[in-house]
Amino acid sequence: MNATMKAKNSAPPIQVKTLYKSFGDQKVLSGINLEVAQGETLSVLGQSGTGKSVLLKLIIGLQQPDSGSIRIQGQEITGLTREQMNEIRKKIGFLFQNSALYDALTVEQNVAFPLERHTGLPDADRKRRVRELLASVGMEKELDKLPGQISGGMQKRVGLARALALSPNILLFDEPTAGLDPITASEIDALILRMQTEGDITSIVVTHDLPSARTVSDRLALMRDGQILIEGSFNDLQESKDEFVVQFLNRDH
Amino acid sequence: MASSTAADFRGARKTNYPPSIAFLIRFFEWFGELGVFCFKLLRSMFLPPYEGGEFAHQLDELGSKSLPLVALAGAATGVVLSLETRDSLVSFGAKSLLPALLVVSIIKESGPIITGLIVSGRVAAGIGAELGAMKVTEQIDAMEASAVDPYKFLVATRVLACVVMLPLLTLAADFFGIIFGWVTNTLTEPISFRLFIENGFKNVMFSDFLPPTFKTAVFGMIIGLVGCFQGMRAHGGTEGVERAATSSVVLSSLFIILADVVLVRLIQVFFP
C-alpha cells in the first residue's frame, strides 16, 4: 500500500454528520450521525419508512441532503458534480433492495456493465473476471439467463456480483434479505460475511431482519424518527431498557 | 443527481390550491423540469466517453424496427390521396395534375407528419414505458450507483437515434406513398411509372424536398425527449409506468403537431 492510500485510509471510510433530509413536509432524517471504521460492518435497523434507504442513497449521492456532511474516505461528497461523484461511486458497491438488475441484459452482461465502462480490460480478461465474480456467488451456470428467468435469491447473488465488479472498498446493502425465505436469506448472509473477510470491505447494511443483522454486522444502530436511537453491539442493544428497543428486539421471541 | 426525489413524494406536497391554479403550477413545473432535464442531457451528451454501441443498438431498435409500420402508413397515405384527389381533379378537368399534386403533397406534408405521428405512437410509448419501468424498479438508480450517467447511456443515445432516424423513415414513407399512389392511379387509369414520376417531379425543387424532410429531425427530438423525460420522472409502480407510456405518446404527438405548424411557416419564410 503506498503513502497516499495510507493517508486516505486514516480517515474513517464513512462519516456522516448531522444529516437532515426531508421530502416536502415529511421529515425523513433529522440529524443523523454515523461513523464506520475500516473493515467494520454496521447494520442500520429500524421500522419501514424511517429513512434507512434514504440514508444509503444519500451516501452514494443518488439524493442530496438538505444539510449536514457526508465524508467518504475523508472526502466530502455533498455538492460534488456528477463527474466527481462518479469517481467516488467507483469505490462503492451498492446492492439494491430488489436487486435492480438491468432486465434487458443477461446475467453476464449485468455484471460486465460496470467493467465495460470503467476498466480498460480486454474482452477476454473481462469475460474471465465476470465469470470469477459470478462463481464467487455461485451463479456461474446462469450466464445467459435474463433476470426475469431467475429467482429472487439468485437475483440478489447477481446483484452482489455486480456490486463487487469494480472491487469496491465500501459496500452498501439495502435490505439484502428482504423478501427471501430464511434459508436463502442465510445464504446471502454467508456471502456477505465472506465478501467482508476476503476483501477488507467496510459496509453498511440497512435491514429490519434482526437475525441477519446479528450475523453479518460488528455493530448495530437502531433508527427512530430520523435519528439514531441507540448504537452498539447486539448485547448493548439487548441491555437497553428503552421501550422501543425492547419492543424491536423481542418481536420474534 | 436523482432526477425526481420530490416526485416520489408528491403526496406530501401541499395541495390546497384551487384546481385551476394547481394545474397551472403543474404545467409550469413540467416545463421547468423539462428545461433542467435538457440541460443535464446536453451536458452529458458532449462529455466523453461516448456510448457508440448503445447508440447503434437504438438506431436499430427505434429506427429500423419502425420501418415496416412507417412504410405501411406511407403506402396507405399514397393510396388515399390518389383516390380522393382523383375525383376532385377530374371534376375540374385537371386530371393530368394528379402526379404532381400527389408527389408534392406527400413530400411536403403527408409523409413527414404521418411518419412523426406513427413513430411517436410506437417509439415514444416504448421509450416512456422502458425508462419508466427502469425508474420504478431502481435500475436507473443502479446505473448511477455504478458511476454510469443514465443521461448519457439511456437518454442521449435514444434522443440522437430518434433525430437521425426520423428523416430516414420519412424518406421511406415518401417512397412508399408515391409508389402506391402510382399503383392506385394506374389501377383506375393506366399510366407508366416513368411518366408518373416525370410529371410528378417536374416542378419539384430540392428546396421543396429537403426542408420538409429535415424538419422531421425536430419531430424525432420531440419524440426522444418527451419519451425519455416522462420515463425518467415515472414514479409509483406499474401505474406510474402506464402513465409514463401514455403521456409520452399524447404529449409527443401534440408537440409534433404544434411544432409542425411553426416549422411549416418557418420553411415558407426561409425557403420561399
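In this text the structure is predicted, and so the values were computed from the model without any measurement.

Draft legend 1. Broad picture of the overall build of chain A. Looking only at helices and strands, one finds 10 helices and 10 strands in chain A. Its C-alpha atoms give chain A a radius of gyration of 18 Å, near enough to 18 Å, the size a compact globule of 253 residues would have. Long-range contacts, defined here as pairs at least 24 residues apart, represent 66% of the contacts in chain A between residues at least 6 apart. Across chain A, the mean location of the 29 positive side-chain charges is 5 Å away from that of the 32 negative side-chain charges.

Draft legend 2. Structural detail: the sheet that holds strand 1 (residues 14-23) of chain A. Residues and elements named next belong to chain A. One open sheet holds the 4 strands; their spatial order is 2-1-4-5, and the pairing between them is antiparallel. Pairing within the sheet leaves two strands with one partner each, and these edge strands are strand 2 (26-36) and strand 5 (75-76). As paired elements, strand 1 and strand 4 (residues 67-72) share 5 bridges and run antiparallel to each other. Each bridged residue has a counterpart across the sheet, and for isoleucine 14 the counterpart in strand 4 is isoleucine 72. Most of the contacts of helix 2 (residues 52-59) go to strand 1, to which it runs at about 120°, and overall it touches strand 1, strand 2 and strand 4.

Draft legend 3. Main features of helix 2 (residues 19-46) of chain B. For helix 2 of chain B, which comprises 28 residues, the first-to-last C-alpha distance of 41 Å matches the rise-based estimate of 40 Å (1.5 Å per residue) to within 8%. Where helix 2 of chain B is buried, its residues touch helix 3 (82-89) of chain A together with helix 7 (150-188), helix 10 (216-232) and helix 11 (237-270) of chain B.

Draft legend 4. Focus on the confidence of the model for chain B. All names here are of chain B. Residue-level pLDDT values for chain B average 89, and 94% of them are 70 or greater. For chain B, per-element mean pLDDT is lowest for helix 1 (residues 5-8), which scores 40, and highest for helix 10, which scores 95. Across the interface, the model reports ipTM at 0.88; the global pTM reads 0.86.

Draft legend 5. Local environment of the pairing of strand 6 (residues 92-95) of chain A. All names here are of chain A. Because side chains alternate across strand 6, one face comprises the buried residues Ile92 and Phe94, and the other comprises Gly93 and Leu95, equally buried. As defined by bridge partners, strand 6 adjoins strand 7 (residues 170-174) across 4 bridges and the pair is classed as parallel. Opposite isoleucine 92, over in strand 7, you have isoleucine 170 as the bridge partner.

Draft legend 6. Quick look at the interface of chain A and chain B. The interface is formed by 31 residues belonging to chain A together with 26 residues belonging to chain B. Carbon and sulfur atoms supply 56% of the area buried between chain A and chain B, which totals about 2500 Å² over both sides. Contact with chain B buries surface across chain A, with Leu62, Arg82 and Tyr102 of chain A losing the most and accounting together for 26% of the total. In this assembly, chain A and chain B are joined by 7 salt bridges. A salt bridge links glutamate 138 of chain B to lysine 57 of chain A; the nearest nitrogen and oxygen atoms lie 2.6 Å apart. Counting only elements with at least two residues in the side of chain A that touches chain B, the list comes to helix 3, strand 6 and helix 4 (107-118) of chain A. Considering each element in turn, the side of chain A that touches chain B owes the most residues, 5 residues, to helix 3 of chain A. Split into classes, the residues belonging to the side of chain A that touches chain B amount to 13 nonpolar, 9 polar and 9 charged.

Draft legend 7. Local environment of the pairing of strand 2 of chain A. Residues and elements named next belong to chain A. Summarising the sheet, strand 1 and strand 2 pair through 8 bridges and their orientation is antiparallel. Its bridge partner lying in strand 2, tyrosine 20 is registered against serine 30. If you look at the hairpin formed by strand 1 and strand 2, you'll find 2 residues sitting between the two strands, and glycine 24 has a positive phi there, around 60°.

Draft legend 8. Spatial organisation of unusual backbone geometry. A cis amide bond links proline 48 of chain B with the next residue in sequence, proline 49 of chain B, at an omega value of 0°. Looking at where proline 49 of chain B falls in the secondary structure, it is placed in the loop between helix 2 and helix 3 (52-63). Even without being a glycine, glutamate 175 of chain A presents a positive backbone phi close to 45°. Looking at where glutamate 175 of chain A falls in the secondary structure, it is placed in the loop between strand 7 and helix 7 (182-199).

Draft legend 9. The packing of aromatic side chains, seen in detail. Within the structure shown, the criterion is met by 16 aromatic pairs over all chains. Relative to phenylalanine 193 of chain B, the ring of tryptophan 182 of chain B lies with its centre 4.9 Å away and its plane at 70°, an arrangement referred to as edge-to-face. Residue tryptophan 182 of chain B is located in helix 7, and its partner phenylalanine 193 of chain B is located in helix 8 (residues 193-201); the two are separated by 11 residues in the primary sequence. On the basis of relative accessible area, phenylalanine 193 of chain B is assigned to the partly exposed category, the value being 34%. What links up through ring pairs into an aromatic cluster is the set Phe23, Phe27, Phe28, Trp30, Phe31, Phe37, Tyr151, Phe229 and Phe255 of chain B. The residue whose ring lies beneath arginine 117 of chain A is phenylalanine 113 of chain A, and the NZ or CZ to ring-centre distance is 4.1 Å. We note arginine 162 of chain A situated over the ring of tyrosine 102 of chain A; from NZ or CZ to the ring centre the distance is 4.6 Å.

Draft legend 10. Main features of the packing of helix 7 of chain B against helix 8 of chain B. Residue and element names in this part refer to chain B. As a packed pair, helix 7 and helix 8 sit with axes 11 Å apart at the nearest point and diverge in direction by 120°. On the basis of their axis angle, the class for helix 7 and helix 8 is oblique. Every pair of crossing elements has a handedness; the one defined by helix 7 and helix 8 is right-handed. Where helix 7 approaches helix 8, its residues Ile178, Ile179, Gly181, Trp182 and Asn185 are matched on the opposing element by Phe193, Phe196, Ile197 and Phe201.

What counts and what doesn't
Residues numbered from 1 in each chain as written. Chains lettered and ligands numbered in written order. Predicted model: local features only at pLDDT ≥ 70, side-chain atom pairs only at ≥ 80, totals over all residues. Heavy atoms only, no water. Helix = DSSP H or I, 4+ residues; strand = E, 2+ residues; numbered from the N terminus. Rg over C-alpha atoms; globule rule 2.2 N^0.38 Å. Contact = heavy atoms within 4.5 Å. Lys, Arg positive; Asp, Glu negative; His and termini not counted. Charge placed at Lys NZ, Arg CZ, Asp CG, Glu CD. Pairing = 2+ DSSP bridges. Axes fitted to C-alpha atoms, helices over the stretch in contact; angles between N-to-C directions. Expected span 1.5 Å × (residues − 1). pLDDT = per-residue confidence, 0-100. Buried < 20%, exposed > 50% of the residue type's maximum accessible area, 1.4 Å probe, protein only. Buried area = accessible area lost by both parts, 1.4 Å probe. Salt bridge = Lys/Arg side-chain N within 4 Å of Asp/Glu carboxyl O. Nonpolar A, V, L, I, M, F, W, Y, C, P; charged D, E, K, R; others polar. Phe/Tyr/Trp six-rings, centres within 6.5 Å; stacked < 30°, edge-to-face > 60°. Lys NZ or Arg CZ within 6 Å of the ring centre and 35° of its normal. Parallel < 35°, antiparallel > 145°, perpendicular 65-115°, else oblique. Left-handed = near helix turned anticlockwise from the far one by under 90°.

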